[in-house]
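# Inside the fold
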4 protein chains.
Amino acid sequence: MQHPVHALLLVTKPGQDDAQQTAREVQLWLREREVRTLLVENSLDQDNLDLNGFVPDAALVLGGDGTLLAVARKLRRHQIPLLGINLGHVGFLTEVEEEDWHPSLEQLLAQQGRISQRMALEFEVKRGDRTIHSGWALNDVVVNRGRIARLIGLDISIDSQPVGPIRADGIVVATPTGTTAYAVSAGGPLVHPELEAICMTPICPFMSHIRPMVLDAGHRIRIDITSHSAEACLTLDGQVGFDLLPGDAIHLQRSAFDARFINLHPKAYLDKLRSKGYF
Amino acid sequence: MQHPVHALLLVTKPGQDDAQQTAREVQLWLREREVRTLLVENSLDQDNLDLNGFVPDAALVLGGDGTLLAVARKLRRHQIPLLGINLGHVGFLTEVEEEDWHPSLEQLLAQQGRISQRMALEFEVKRGDRTIHSGWALNDVVVNRGRIARLIGLDISIDSQPVGPIRADGIVVATPTGTTAYAVSAGGPLVHPELEAICMTPICPFMSHIRPMVLDAGHRIRIDITSHSAEACLTLDGQVGFDLLPGDAIHLQRSAFDARFINLHPKAYLDKLRSKGYF
Amino acid sequence: MQHPVHALLLVTKPGQDDAQQTAREVQLWLREREVRTLLVENSLDQDNLDLNGFVPDAALVLGGDGTLLAVARKLRRHQIPLLGINLGHVGFLTEVEEEDWHPSLEQLLAQQGRISQRMALEFEVKRGDRTIHSGWALNDVVVNRGRIARLIGLDISIDSQPVGPIRADGIVVATPTGTTAYAVSAGGPLVHPELEAICMTPICPFMSHIRPMVLDAGHRIRIDITSHSAEACLTLDGQVGFDLLPGDAIHLQRSAFDARFINLHPKAYLDKLRSKGYF
Amino acid sequence: MQHPVHALLLVTKPGQDDAQQTAREVQLWLREREVRTLLVENSLDQDNLDLNGFVPDAALVLGGDGTLLAVARKLRRHQIPLLGINLGHVGFLTEVEEEDWHPSLEQLLAQQGRISQRMALEFEVKRGDRTIHSGWALNDVVVNRGRIARLIGLDISIDSQPVGPIRADGIVVATPTGTTAYAVSAGGPLVHPELEAICMTPICPFMSHIRPMVLDAGHRIRIDITSHSAEACLTLDGQVGFDLLPGDAIHLQRSAFDARFINLHPKAYLDKLRSKGYF
């Protein structure tokens, strides 16, 4: 953090009283230190956070990894750094445990944090000539079967070169940050977040020896929905779904907008992997 | 086939003109040979086939593997043998290719077929004390996430012994017949249909080294839905879905009703695996 | 155990003083109860145990799973039941922990044990027309690459039907008992020991979607060594190696000799899997 | 190729007459164009190629991928670019098919080639305080079990942070170039060669959910041999073995010496993957 924090956005997980309670304590504590704040709830229905003209230097997110992923998505164009206070279970992305918010905010105001940039993905869904949907994800964009357990047909190409058709449960396109999430369940590798890479992992491919692939971040991926007999869906960061139709084409690439996180006590990545049980 | 065929049920894949056309040709051909027939469509909306008092000695199914699976399910209590005429793509279960129906039916009437029994699964879904759903499957019963790609929590036990909780995309419980279908995509083994066994394969388990398990067919499996944050669904033979809620318990076991197929030219199982591309 | 125990063979892991010590205590204790004993060491160099005319009703094996596997192999033709006293780490097959030998032997003498039979494998290695090696294994027969990490070429057939050539690190042919050992590392399923089955699992196959296969125990497997550029080896129960040459053919099938174990407190299989950390 | 080719080293696969024959034709052809040549055989026994003072601008390698890997290793300190003429089967690394050598060498002399750098690995084996072995590999350094199929114990750390102990068949540490070789058989991802990364893939880990990891190339890996009951070995590029003892520590990192290959008709990587059957 090179510039001081005068204005801080506080975002809470919706419908959680203790998040609200902690947020208000934090707000009081910050007011005493002459930091202006805006407190908003991360409403699940909305694609944006309404800041009403408030221009924050950073955002404090009170919730779990899920809330942090959602807030990162909604604030992506603001390019402000985020600090997560973990009220959830896993807390892979959140930096601070709830009971530690006092000393952590003191560090933040003392400009002791370091900002780490994490690359993200953006995508467009084309139906015929029209772009019918687009978005941004910090962890992963998944093309997956619907609620019936029935394989879907996909045709994949990278930089206009065909990788070929597969029948599968779907495919995970993940950032390095996202490889610890769904991708690893699907059999993908853990990719160190310092690499600028895109990791593509097929989910349960049928009669295929296609492997997970790690591409450098300059590649563009295209996924065409070829199956007519099963429902397909696009899922962002395990949170938001969008129904796909046969013939739809999903275009994916690295986003121009990185996510920025505040690291107060830079725990090494491997250390974090181990403490969270990855090995 | 130990007893002669005097009455034959003909079931067609719905909405397919060529199936109808072939069925009518078959019907004429059978009438000349004094075999009574009933022609019905395998309606996707109905759980049963209405035979209107007709008592067939066997059933001829014109469609792909999907239609054959559905008809096997709907006729399970009749315990009549089925013969599939393949109008579909894969045709792993269907015995006869469309162009070969003449000689095949001659074989059938000459009682040259052999009946192979295939074990099946039955299940109940309990919500609290009530059984809210039950059914039968020839290939597999799958408990799976809904349309959002988000892991679900499951608690598995076998014969009342805990196997433990997993977070996964779901779990496939398959008969040996069904191991060539979804189970193999999920990383399960191919199990020879002569074995009386149940194969349980977790789908994309998260941070778990749980392995596919092959149990002898006397075991009973229970799967409890523990996750509150993701939708779960039960899928029968890749065809029929049923929405599950947190707290639901799925009880699975071998069914008292086997499926019966007519084998006219008993192609060895391994031969079939190879011709269909499994190795 | 239907007939009383008058003569007991004691086999110890070689070069282990505490095994010797415990064995002598057991021997004294048995002598007081008028049970005749013979104490032999399981020499690693020898393929047989020299019983010198002693005819035991059962054998007590003091060591870990490895010793028990070796003794089962060496005594296979005697068809006497084995009871393992665990002095090793894992103890998946051994029934009794070292400190519990007193009450366990009392149970044994009171004929309270139940005998469980476990199917085994036998194999022959043919070089041209000659059988150059043969043997028996309780867990698994593995055809594997030598000490250089370099894939070998194998050609597999089952009951004379081709499964096809693979390039791989090797292949594990396991009994249900053996599926908890090397097979599970190679990606194979756990197969319940009540099933009479053979589980074949390729090890690290290259560009192949070949899956582990579970066959009923009547099948015969043949593995031909096709590669000329890498060393191949046959390994029995993870213990004994035999060098193979290009052109060698390994023939495998269920053995006529089962292994027999004494179960004193029949711990359910799943319970054992869980206690040993399989899930 | 920015500077002209006046002196060319020709290296042939040993004991192969057609390689010798082609090499001599090439030599004649080059002499007519006033390019000096030295023809040497890639002897399997020697760790170096004896150039006798000859200073080549590039090296032409007549053989398969194996020969090219070996020559790259032996010439690594010369930092000259290599061009492979494929006399082998796979030819993933070799650029030119045998029948195309004429036009390809014309392109080479016309300086139409592009040089692609491929990162490599270097390692040291420490026994106590002494470095008892060291080396360089373009594809992979593998720590693996010996000829008996028996898991070995390894303790892995990255940049002095513990990843933890595993029992496995071994571990593959691969460059991006090497991920298409042994790593992919062991379940690792394909890593695009433009990424500067190290890919670590455990081989058949026992009761572990450890995943393949892709690290950026600045990381250092240490592997300690912990098992006393099984032989361990180190394999370079699937070619050269070195016996390890319990207590040995293998230290791995990116080498200061990259390999350099001449690309005459830069076939895109994905195109090559597809043509070689990876998908």
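Residues numbered from 1 in each chain as written. Chains lettered and ligands numbered in written order. Predicted model: local features only at pLDDT ≥ 70, side-chain atom pairs only at ≥ 80, totals over all residues. Heavy atoms only, no water.

Within an unreviewed UniProt entry, the label attached to chain A reads NAD kinase, and the organism entered is Desulfohalobium retbaense. Word for word, the UniProt comment on chain A under Cofactor (unreviewed entry) is "a divalent metal cation". (UniProt positions renumbered as here; feature names shortened; annotations may be inferred.)

Spatially, the seven strands line up as an open sheet ordered β13(B)-β15(C)-β14(C)-β12(C)-β9(C)-β17(C)-β18(C), and their pairing is mixed. The strands lining the two open edges of the sheet, one partner per strand, are β13 (190-191) of chain B together with β18 (240-244) of chain C. Bridging between strand β9 (residues 140-145) of chain C and strand β17 (residues 232-236) of chain C involves five bridges; their strand directions are antiparallel. Bridge assignment links valine 143 of chain C to a residue of β17 of chain C, and that residue is leucine 234 of chain C. (Pairing = 2+ DSSP bridges. Helix = DSSP H or I, 4+ residues; strand = E, 2+ residues; numbered from the N terminus.)

A separate point is the sheet that holds strand β10 (residues 152-158) of chain A. Residues and elements named next belong to chain A. Read across the open sheet, the six strands follow the order β8-β7-β19-β16-β10-β11; overall the sheet is antiparallel. The open sheet terminates on both sides in strands that have one partner only, identified here as β8 (130-137) and β11 (161-168). Taking the axes of each pair of neighbouring strands and ignoring which way they run, one obtains an average angle of 20° across the sheet. Bridging between strand β7 (residues 121-127) and strand β19 (residues 249-254) involves six bridges; their strand directions are antiparallel. Bridging from a neighbouring strand, leucine 121 pairs with arginine 254 of β19. (Axes fitted to C-alpha atoms, helices over the stretch in contact; angles between N-to-C directions.)

Let us look at the interface of chain B and chain A. Facing 32 residues of chain B, the contacting portion of chain A comprises 32 residues. Summing the contributions of chain B and of chain A, the shared interface buries around 2,400 Å²; its carbon and sulfur component is 53%. Along the contact surface separating chain B from chain A lie two salt bridges. A salt bridge links arginine 147 of chain A to aspartate 243 of chain B, with the nearest nitrogen and oxygen atoms 2.8 Å apart. (Contact = heavy atoms within 4.5 Å. Buried area = accessible area lost by both parts, 1.4 Å probe. Salt bridge = Lys/Arg side-chain N within 4 Å of Asp/Glu carboxyl O.)

Residue and element names in this part refer to chain A. Between helix α1 (residues 17-32) and helix α3 (residues 101-109), whose axes approach to 12 Å, the crossing angle comes to 40°. Here α1 is positioned oblique relative to α3, judged by the angle of their axes. Between α1 and α3 lies a crossing whose hand is right-handed. Only Trp101, His102, Leu105, Glu106 and Leu109 of α3 make contact with α1, whose side of the interface consists of Thr22, Glu25, Val26, Trp29 and Leu30. (Parallel < 35°, antiparallel > 145°, perpendicular 65-115°, else oblique. Left-handed = near helix turned anticlockwise from the far one by under 90°.)

Turning our eyes to something else, we now look at the nonpolar core. In terms of nonpolar packing, the biggest core is built from 102 residues, with Ile223 and Ile250 of chain C together with Ile223 and Ile250 of chain D touching the most fellow members. If sequence neighbours within four positions are ignored, isoleucine 223 of chain C has contacts with Val143, Leu154, Asp155, Ile156, Ile171, Val173, Asp248, Ala249, Ile250 and Leu252 of chain C. (Core = buried A, V, L, I, M, F, W, Y, C linked by side-chain atoms within 4.5 Å. Buried < 20%, exposed > 50% of the residue type's maximum accessible area, 1.4 Å probe, protein only.)

The next thing to look at is the side chain of threonine 12 of chain D. Within the element layout of this structure, threonine 12 of chain D appears in strand β1 (residues 7-12). Overall, threonine 12 of chain D belongs to the buried group, its relative accessible area being 0%.

Here we take up the domain arrangement of chain A. All names here are of chain A. Under the domain assignment used here, chain A contains domain 1 (7-118 + 258-275) and domain 2 (121-254). Spacing between the C-alpha centres of domain 1 and domain 2 amounts to 29 Å. Listed per partner, the contact involves 15 residues of domain 1 and 15 residues of domain 2. Buried area between domain 1 and domain 2, summed over both chains or domains, comes out near 1,400 Å², and the portion from carbon and sulfur atoms is 64%. A per-residue breakdown of the area domain 1 buries against domain 2 is headed by Leu69, Arg73 and Tyr269, which together make up 46% of the total. Inspection of the domain 1/domain 2 interface yields two salt bridges. The partner of aspartate 237 in a salt bridge is arginine 73, and the shortest N-O contact between them spans 3.3 Å. Put simply, domain 1 and domain 2 have five residue pairs in polar contact (both at pLDDT 80 or more) between them. The element best represented in the side of domain 1 that touches domain 2 is helix α2 (residues 65-74), accounting for six residues. Partitioned by chemical class, the residues of the side of domain 1 that touches domain 2 number nine nonpolar, two polar and four charged. (Domains from an automatic or database assignment. Polar contact = N/O pair within 3.5 Å; in protein donor to acceptor, adjacent residues only side chain to side chain. Nonpolar A, V, L, I, M, F, W, Y, C, P; charged D, E, K, R; others polar.)

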